[in-house]
Amino acid sequence: MFFRSHTREEQMSPFTELLGNTLASKDGTVSTDEALAGKRAVGLYFSAHWCPPCRGFTPRLSESYTNHYKALGMEIVFVSSDRDEAAFQSYHAEQPWLALPFAERDVKTKLSKAFKVSGIPSFVILDGITGEVITKDGREAVSEDPEGKEFPWAPPTFWDALGSEFMRGTEGDTVDVAEVRASSKYIGLYFSAHWCPPCRAFTPALITAYKEKLKDKGLEIIFVSSDRDAKAFQEYYSTMPWLAIPNGDKRKGQLSKLFGVEGIPSFVIVDAATGATITDDACGNIGSDPEGVEFPWYPKALSNVSAGEGVDKINDETALCVLLDGCSEATVKAAVDALTPLAEASKANGDELLWLYAPKTEGPVEQIRKLTKVGGASDKPQMVLLDIPDEGGFYVSPTNEVSAETVGAFLAAFRAKELERQQME
C-alpha cells in the first residue's frame, strides 16, 4: 500500500491516504472519509468499458451489490482503466457505486501496483476500518457467493488451509499436522507438477538439498501437486522423500490462493510454530545457497538476481537493478557495500521497491539487458529501474557510479517524474 505525505496535525483515514481526499459519486464529488465511514469492507473494482470480461462481470456485481452487499456494509470504488474521460463517465453511469476520479491517473497506477493488478476485471476487498487487504480474489467471491453469505470473504488461515493430515510415501501411510509441527521448525510447501519441465529440473536439486542439509536444519516439505491425474501424481511423488497433500485435494487451491502462487515450481517456507510466512520465493535460494548456510532464507533487502533471488517479484514490483556482471570483484563488492544499507533502510521504511544486483550474466540478467537496451556486460556498473507493472516501463541512470548519493538522486528523479521513461519491447 502506498501513502501520501502529510503533516502530523492531519488525521487521515487509510482510505484518504490510499485514494485521495475525494471520490466521484452520482451526485458529484464526495469526501472519501465521509463516503466510506462506517463500512465493513471497501471493494476496489478495477475495470474498463472496452474490456469484454468486465462488461460481463459488472452487471452481476451491480446486482449483488444492490440486493445484498450494500446492506451488509460494503462500498465499492470503481478504478477505471478506460481510455478517456468520456468512456469513464459513460461506464460509471451504469454502476451504482463510487469511483476514483478519472483525472487521478497517478493514483490509479499506484493502486494497480500496490495490489498487483495484472488484468481486469479485478476486485480487491479491503477492511473498512484498517484498509488492510481481506482478499484480492473478490471476483471469485462474487461468483461463488452472490448473496454475500460469507461476506467479507476473509481467506482461511494458514493452518485452516493446510489441513490436518498428509501422505507419507505412496503406500497409504499418513502423518498428522501435530506431528509435523512437533518434529519440525519449518514447513516447506512445494508447488510443482510432473508435466512442468522447470519443475522436473528443479526437483532433483531440492531433493539433494533436503536430504543433505535442510532436513537436519528442521525443514519438512509438503508437496502440493498440480498434476493432472492420480497416475502422474503417484509417479512424480514416488521420487520425493517428503510428505504430500493428495492429488485433487481442495487444499491445493486454498494454499495457492493464500500464497499467491501463479506459476510453478514455487517453494514457500513457513514457521512451523506460528504459521508465519518466512519466504514465498525460496526456489532461488536453493540455487544460490544449496548448502543452506542462510536457511531459512528470511528475505534480504538486497537480492542477487543472477542467482534467481527476487525473480518472482520483478513483474509485480518496481525494481532498482544494478548490473555488475562485467565488473571486477572489487567493483562488485564496493557496489554491494553501498547498496546494502540503502536497501535495508528502504525496507525498514516500508518502501515498495525491489533492490537487485547482478554480479554475473546468469538467471534473467541477459534478458534484463536485452529489454532495457543497455548492451552487453560492461566493466562499469549500470543502474536501471524496471517498472514492469507500469506496462513495461524502464529508466536508465546517466551515471555509472554506485553510491548513496547517485542512487538517491536516481530514485528521487524517478519519483519526481524527471527521468525519461522508456518502453520495453
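Overview of the structure. (Residues numbered from 1 in each chain as written. Predicted model: local features only at pLDDT ≥ 70, side-chain atom pairs only at ≥ 80, totals over all residues. Heavy atoms only, no water.)

Description of the overall build of the chain
Selection criterion: Each helix is a run of DSSP H or I of at least 4 residues and each strand a run of E of at least 2, with the numbering of both proceeding from the N terminus. Our radius of gyration looks at C-alpha atoms and nothing else; its globule reference is 2.2 Å times the residue count to the power 0.38. Buried residues are those whose accessible area, probed at 1.4 Å on protein chains only, stays under 20% of the maximum for their type, while exposed residues exceed 50% and partly exposed ones sit between those limits. In what follows, residue pairs with any heavy atoms lying within 4.5 Å of each other are defined as contacts. Only the protein chains shown count as cover for residues, and the accessible areas themselves come from Shrake-Rupley with a 1.4 Å probe. Residues counted as positive are Lys and Arg, residues counted as negative are Asp and Glu, and His and the chain ends are not counted. All charge positions are set by atom: Lys at NZ, Arg at CZ, Asp at CG, Glu at CD.
Secondary structure assignment for the chain yields 15 helices and 20 strands. Relative to a compact globule of 425 residues, whose C-alpha radius of gyration would be 22 Å, the chain shows 24 Å and is just as compact. For the chain, the spread of C-alpha atoms along the three principal axes comes to 65 × 60 × 40 Å. Out of the 425 residues belonging to the chain, those deemed buried represent 49%. Residue pairs at least 24 apart in sequence account for 66% of intrachain contacts in the chain once pairs closer than 6 positions are excluded. Accessible surface, the chain as shown: approximately 20400 Å² in total, 49% of it carbon and sulfur. Charge-centre separation for the chain: the mean point of 43 positive side chains lies 2 Å from the mean point of 63 negative side chains.

Regarding the pattern of salt bridges
The condition that has to hold: Here, a salt bridge means any Lys or Arg side-chain nitrogen found within 4 Å of an Asp or Glu carboxyl oxygen.
All told, the structure shown has 15 salt bridges when counted by the stated rule. A salt bridge links lysine 116 to glutamate 317; the nearest nitrogen and oxygen atoms lie 3.9 Å apart. Within this pair, whereas lysine 116 is found in the loop between α5 (105-114) and β6 (122-127), its partner glutamate 317 is found in the loop between β15 (302-304) and β16 (319-323), the two being separated by 201 residues in sequence. Residue classification places lysine 116 among the partly exposed positions, given a relative accessible area of 34%. Salt bridges here are not isolated pairs; linked through shared partners, they connect Glu294, Lys300 and Glu309.

Some words on the packing of aromatic side chains
For the record, the criterion: Centre distance within 6.5 Å is the pairing criterion for rings of Phe, Tyr and Trp, where only the six-membered ring of Trp is used; planes under 30 degrees apart are then read as stacked, over 60 as edge-to-face, and the remainder as tilted.
Within this structure, the stated rule accounts for 24 aromatic pairs. Between phenylalanine 78 and phenylalanine 88, the aromatic rings sit 5.7 Å apart at their centres with planes inclined by 15°, giving stacked as the arrangement. Residue phenylalanine 78 is found in strand β4 (residues 74-80), and its partner phenylalanine 88 is found in helix α4 (residues 85-92); the two are separated by 10 residues along the sequence. Judged by relative accessible area, which is 0%, phenylalanine 78 ranks as buried.

What about the layout of surface pockets?
The test is simple: Detection works on a 1 Å grid of protein atoms alone, calling trapped sets that fit a 1.4 Å probe cavities and calling open sets with protein on both sides within 12 Å along at least five of seven lines pockets, with lining residues defined by an atom within 4 Å of a point. Grid points are joined across faces, edges and corners, and a volume is the space filled by probe spheres set on the points. Polarity classes work like this: nonpolar for Ala, Val, Leu, Ile, Met, Phe, Trp, Tyr, Cys and Pro, charged for Asp, Glu, Lys and Arg, and polar for all others, with Gly in that last group.
When its volume is computed, the second largest pocket comes out at roughly 530 Å³. It is α5 that contributes the most residues to the lining of the second largest pocket, 5 residues altogether. Looking at the lining of the second largest pocket, its residues break down into 6 nonpolar, 6 polar and 8 charged.

A few points about the environment of alanine 24
Mapped onto the secondary structure, alanine 24 falls in strand β1 (residues 22-25). On the basis of relative accessible area, alanine 24 is assigned to the buried category, the value being 18%. C-alpha separation for the pair alanine 24 and threonine 361, spaced 337 residues apart in sequence, amounts to 49 Å. When sequence neighbours within four positions are dropped, the list of residues in contact with alanine 24 reads His92, Leu98, Ala99 and Pro101.

Thoughts on helix α9 (residues 197-214)
Definition in use: Helix span, expected: 1.5 Å multiplied by one less than the number of residues in the helix. Axes are fitted to the seven residues ending at a residue and to the seven starting at it; the angle between these axes is taken as the bend at that residue.
The end-to-end C-alpha distance of α9, which contains 18 residues, comes to 24 Å, matching closely the 26 Å that a straight helix rising 1.5 Å per residue would cover. By the largest-angle criterion, threonine 203 marks the main kink of α9, which is about 25°, and a proline, proline 204, follows within four residues. Among the structural elements, β10 (186-192), β11 (219-225), α10 (230-237), β13 (266-271) and α12 (283-288) are those in contact with the buried residues of α9.

Thoughts on the sheet that holds strand β9 (residues 174-176)
The following threshold applies: When DSSP finds two or more bridges between a pair of strands, those strands are recorded as paired. Geometry is summarised by axes, namely lines fitted to C-alpha atoms with helices restricted to the contacting stretch, and by angles between N-to-C directions that run from 0 to 180 degrees.
Spatially, β9-β8-β12-β11-β10-β13-β14 is the arrangement adopted by the 7 strands of the open sheet, whose pairing is mixed. Two strands bound the open sheet, and with one partner strand each, they are β9 and β14 (277-279). Sheet topology note: the strand β8 (residues 165-168)/β9 ladder contains 3 bridges and is antiparallel. The residue bridging methionine 167 from the neighbouring strand is threonine 174, located in β9. With respect to the sheet, α9 is in contact with β10, β11 and β13, its orientation differing from that of β10 by roughly 165°.

Section: the side chain of asparagine 304
Note on placement: asparagine 304 falls in strand β15. Residue classification places asparagine 304 among the buried residues on the basis of a relative accessible area of 15%. In contact with asparagine 304, not counting residues within four places along its chain, are Glu309, Tyr357 and Pro359.

Section: the environment of alanine 141
With respect to the helices, strands and loops of the structure, alanine 141 is situated in helix α6 (residues 138-144). Its relative accessible area of 10% is what places alanine 141 among the buried residues. Apart from residues no more than four positions distant in its own chain, alanine 141 is found in contact with Pro146 and Trp153.

Remarks on the sheet that holds strand β19 (residues 393-396)
Strand pairing in a sheet is mediated by backbone hydrogen bonds. Such pairs are either parallel or antiparallel. Pairing in this open sheet of 6 strands is mixed, and the strands run β15-β17-β16-β18-β19-β20 from one edge to the other. On the outer flanks of this sheet lie β15 and β20 (422-423), each paired with one strand and no other. Both β15 and strand β17 (residues 354-358) contribute to a ladder of 3 bridges, which runs parallel. Counterpart to serine 303 in the pairing with β17 is leucine 356.

Read these as layout, nothing more, since geometry by itself doesn't imply function.
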